[in-house]
Amino acid sequence: MVIALRTGVARRNHRETKNTTIQASPATRPKRFGIRPWRALGVIIVLAAIIMAVTTRYFSSGMPMVAGSSGLGNVDSDLRKLPPTPASPKSTANSNSNSNSGLLTENKAVQGSSYVHPKLFEKVDAPWTDWLPCDQKETFLKRCSTRPSNCTIQVEANNNHGIGNALMTSYVKHAKNIFQQGCAPEITDKVAKPQSGGFRFKFLDYVNIPEYIPAIGEDEVMAFGSNLSKCVTFAITQPKELVATKVKNILSQLYDKTNRLPLVAVHLRSGWSDEMSARQAAWNALGSCNDYRDKYYAHPPWAFSEIDLEGMVLDIAAAADKMFGPKQWRLYVASDAPAARAYVSRMLESRTAGPIVWLEGTIGHNYGGIGAATMDQNIQVSVNALAEVVVMSEADFFVILPSKFPTSAKWRSICPQRFIEMRGHPRHDLAILGNVLTRALSKDGTKEAWSPNLTAEEERTIFWKALPKGHNNPCAQDGDPFRACFCLLKLGHA
């Protein structure tokens, strides 16, 4: 190899012989500080190449962007509206106690986490070393500065939604105003017309007028802060006999009189109750779908869109183990999809300290009822709805999908509680597919009836986009994919 070093001596000699009229010595000749343009361009190109190489090397060593390959578990990469969860920093979580109302003062990750949803669950999974059983009513009387009520004021509430929405947007607001006057609210419902079976929901058919009221004067409002709505919600949801009996029966299965363990509750709002209220006839027309049961079973992870249901369930158990210890907690499962309750029970039956419990009976909307239901059936739906609000409010660790119904139970919880609201609304895509189902039916019920009256573009942008996992769903490979997928949805919910 030959390395040429250009010293500049030859160039100087050439310049001195060419221009003999100027005899400047090396000592007196002015120095050249400029850079020729072609040299500057070369320097820029070289620097750009170096920067590109360093940047590529740096970022390529970071977090993978494809969900499912990041070491967080079996996360489907096609889940819509659920962005990839970045890796969390390694640190130590702080413990929690009853003294701070169950709310963590610092949310830090647990070292070596293997959560599918670490950003959510690492915030609450610190060992709850000083957990103690907590009596809701005793805590209400102490924390909410209660006193006996000696007057009532009647107020009419405009209720055209389910109990969760009614509590959060109407009942609590009216009750708070009356409590500020030192009286108990007598809440009556303004219902424009009877619902299915002639049913009309009336709040006071299921709860008592408060016997004790929280002291909500101007100073107390400031002192309560965010707990004010909890005191109000608890005060106005003291159950009457039908609801109280149902609650007592459920809690007796969860609470051991001699060894009360922490209670974990999960609520999965699927949208199935909406479908039974709006499109029950269309789903019934599918029949039992037994011809698909062996193939698809009742597997909610294939039927729930926007969420990784399996990962969520496993995360709940892992977090509960860290809080309370393995097999040192009980589990209550609530959902408007019976198949989802059964799925969670199968997944976690070996993880809990005792049998997993859920409410026996029909689940649905207390307002609007169930399509084609009788008066007695709709009354039972309302009893069940109020009972679940009360039971879920007892949870020490509570995980939900976004919905006002379980959130109203969080509002009712007076005792310390750790809480997670997952991202995702499976009910939205289910409603889209329910509308498609009504277009897939025909009067004669022939096989061709299961082909929706959709254009190719509508199939792509409506059906396959709303179907959980789209073309990757196992039902998409069936010879009659539309009927197969509708049956998969039904089996995964009903």
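Just so it is clear, the structure is predicted and the values come from calculations on it, not from any experiment.

The rules behind each value
- Residues numbered from 1 in each chain as written.
- Predicted model: local features only at pLDDT ≥ 70, side-chain atom pairs only at ≥ 80, totals over all residues.
- Heavy atoms only, no water.
- Helix = DSSP H or I, 4+ residues; strand = E, 2+ residues; numbered from the N terminus.
- Buried < 20%, exposed > 50% of the residue type's maximum accessible area, 1.4 Å probe, protein only.
- Contact = heavy atoms within 4.5 Å.
- Areas by Shrake-Rupley, 256 points an atom, 1.4 Å probe, with all protein chains shown as cover.
- Phe/Tyr/Trp six-rings, centres within 6.5 Å; stacked < 30°, edge-to-face > 60°.
- Disulfide = S-S within 2.5 Å.
- Pairing = 2+ DSSP bridges.
- Axes fitted to C-alpha atoms, helices over the stretch in contact; angles between N-to-C directions.
- Parallel < 35°, antiparallel > 145°, perpendicular 65-115°, else oblique.
- Left-handed = near helix turned anticlockwise from the far one by under 90°.
- Nonpolar A, V, L, I, M, F, W, Y, C, P; charged D, E, K, R; others polar.

Moving on: the overall build of the protein. Broken down by element type, the protein carries 19 helices and eight strands. By the burial criterion, 47% of the 494 residues in the protein qualify as buried. Of the contacts made within the protein by residues no fewer than 6 positions apart, 73% connect residues no fewer than 24 positions apart. Accessible surface, the protein: about 25400 Å² in total, of which carbon and sulfur atoms supply 55%.

Bringing helix H19 (residues 481-491) into the picture now. With 11 of its 11 residues buried, H19 lies for the most part within the structure. Taken together, the buried positions of H19 are Pro481, Phe482, Arg483, Ala484, Cys485, Phe486, Cys487, Leu488, Leu489, Lys490 and Leu491.

This part covers the packing of aromatic side chains. Enumeration according to the criterion identifies 13 aromatic pairs in this entry. With a centroid separation of 6.2 Å and 40 degrees between ring planes, the pair formed by Trp464 and Phe482 is classed as tilted. Taken together, the positions of Trp464 in helix H18 (residues 456-466) and Phe482 in helix H19 put the pair 18 residues apart, joining distant regions of the chain. Each member of the pair, Trp464 as well as Phe482, carries the same accessibility label: buried.

This paragraph deals with the state of the cysteines. Overall, the coordinates contain five disulfides when judged by the stated rule. The residue that forms a disulfide with Cys134 is Cys415, at a sulfur-sulfur distance of 2.0 Å. The disulfide joining Cys134 to Cys415 has a torsion of about -80 degrees about its S-S bond and is therefore left-handed. With Cys134 in the loop between helix H3 (118-121) and helix H4 (136-143) and Cys415 in the loop between helix H16 (404-412) and strand E8 (418-421), this pair connects stretches of sequence that are 281 residues apart. Here Cys289 connects covalently by a disulfide to Cys487, the sulfurs 2.1 Å from one another. On the sign convention where negative means left-handed, the S-S torsion of about -70 degrees between Cys289 and Cys487 marks this disulfide as left-handed.

This brings us to the pairing of strand E5 (residues 263-268). A regular strand places its side chains on the two faces of the sheet in alternate fashion. Counting buried positions along E5 gives six out of six residues, so the element sits mostly inside the fold. Here E5 shows no split at all, with Leu263, Ala265 and His267 on one side and Val264, Val266 and Leu268 on the other all buried. As defined by bridge partners, E5 adjoins strand E6 (residues 330-335) across six bridges and the pair is classed as parallel. By the bridge assignment for E6, Leu268 is matched with Ser335. When E5 meets strand E7 (residues 397-400), the two strands line up parallel, connected through four bridges.

This brings us to the side chain of Glu275. Along the chain, the position of Glu275 falls in helix H9 (residues 272-278). On the basis of relative accessibility, which here comes to 1%, the residue Glu275 falls in the buried class. Discounting chain neighbours no more than four positions away, the residues touching Glu275 are Gln280, Trp283, Leu430, Ala431 and Gly434.

Take the packing of helix H17 (residues 426-440) against H18 next. Packing of H17 against H18 leaves a shortest axis separation of 8 Å and a crossing angle of 125 degrees. Put simply, H17 runs oblique to H18. In this structure, H17 crosses over H18, and the sense of that crossing is left-handed. Across from Asp429, Ile432, Leu433, Val436 and Arg439 in H17, the residues of H18 making contact are Glu458, Ile462, Phe463 and Ala466. Grouping the amino acids of the contact of H17 with H18 by side-chain chemistry returns six nonpolar, no polar and three charged.

The subject of this paragraph is the sheet that holds E7. Read across the open sheet, the four strands follow the order E6-E5-E7-E8; overall the sheet is parallel. With one partner strand each, in any of the chains shown, E6 and E8 form the two edges of the open sheet. Neighbour-to-neighbour, the strand axes of the sheet open up by a mean angle of 10 degrees, direction not taken into account.

This next bit is on the packing of helix H7 (residues 228-236) against H16. At a closest axis distance of 7 Å, the pairing of H7 and H16 adopts a crossing angle of 100 degrees. The orientation of H7 relative to H16 falls into the category roughly perpendicular. Contacts between H7 and H16 pair Ser229, Lys230, Thr233 and Phe234 from the former with Ser408, Lys410, Trp411 and Arg412 from the latter. Taken together, the residues that form the contact of H7 with H16 break down as two nonpolar, three polar and three charged.

It is worth spelling out the pairing of strand E3 (residues 184-189) at this point. Here strand E2 (residues 152-157) pairs with E3 via six bridges, running parallel. Each residue of the ladder has a partner; that of Gln154, found in E3, is Glu186.

So, about unusual backbone geometry. The phi dihedral of Cys289 is positive, around 60 degrees, even though this residue is not glycine. Structurally, the position occupied by Cys289 is in the loop between helix H10 (280-284) and helix H11 (290-296). Judged by its relative accessible area of 2%, Cys289 is buried. Although it is not a glycine, Glu306 sits at a positive phi angle of roughly 70 degrees.

Geometric values such as these leave the question of function open.
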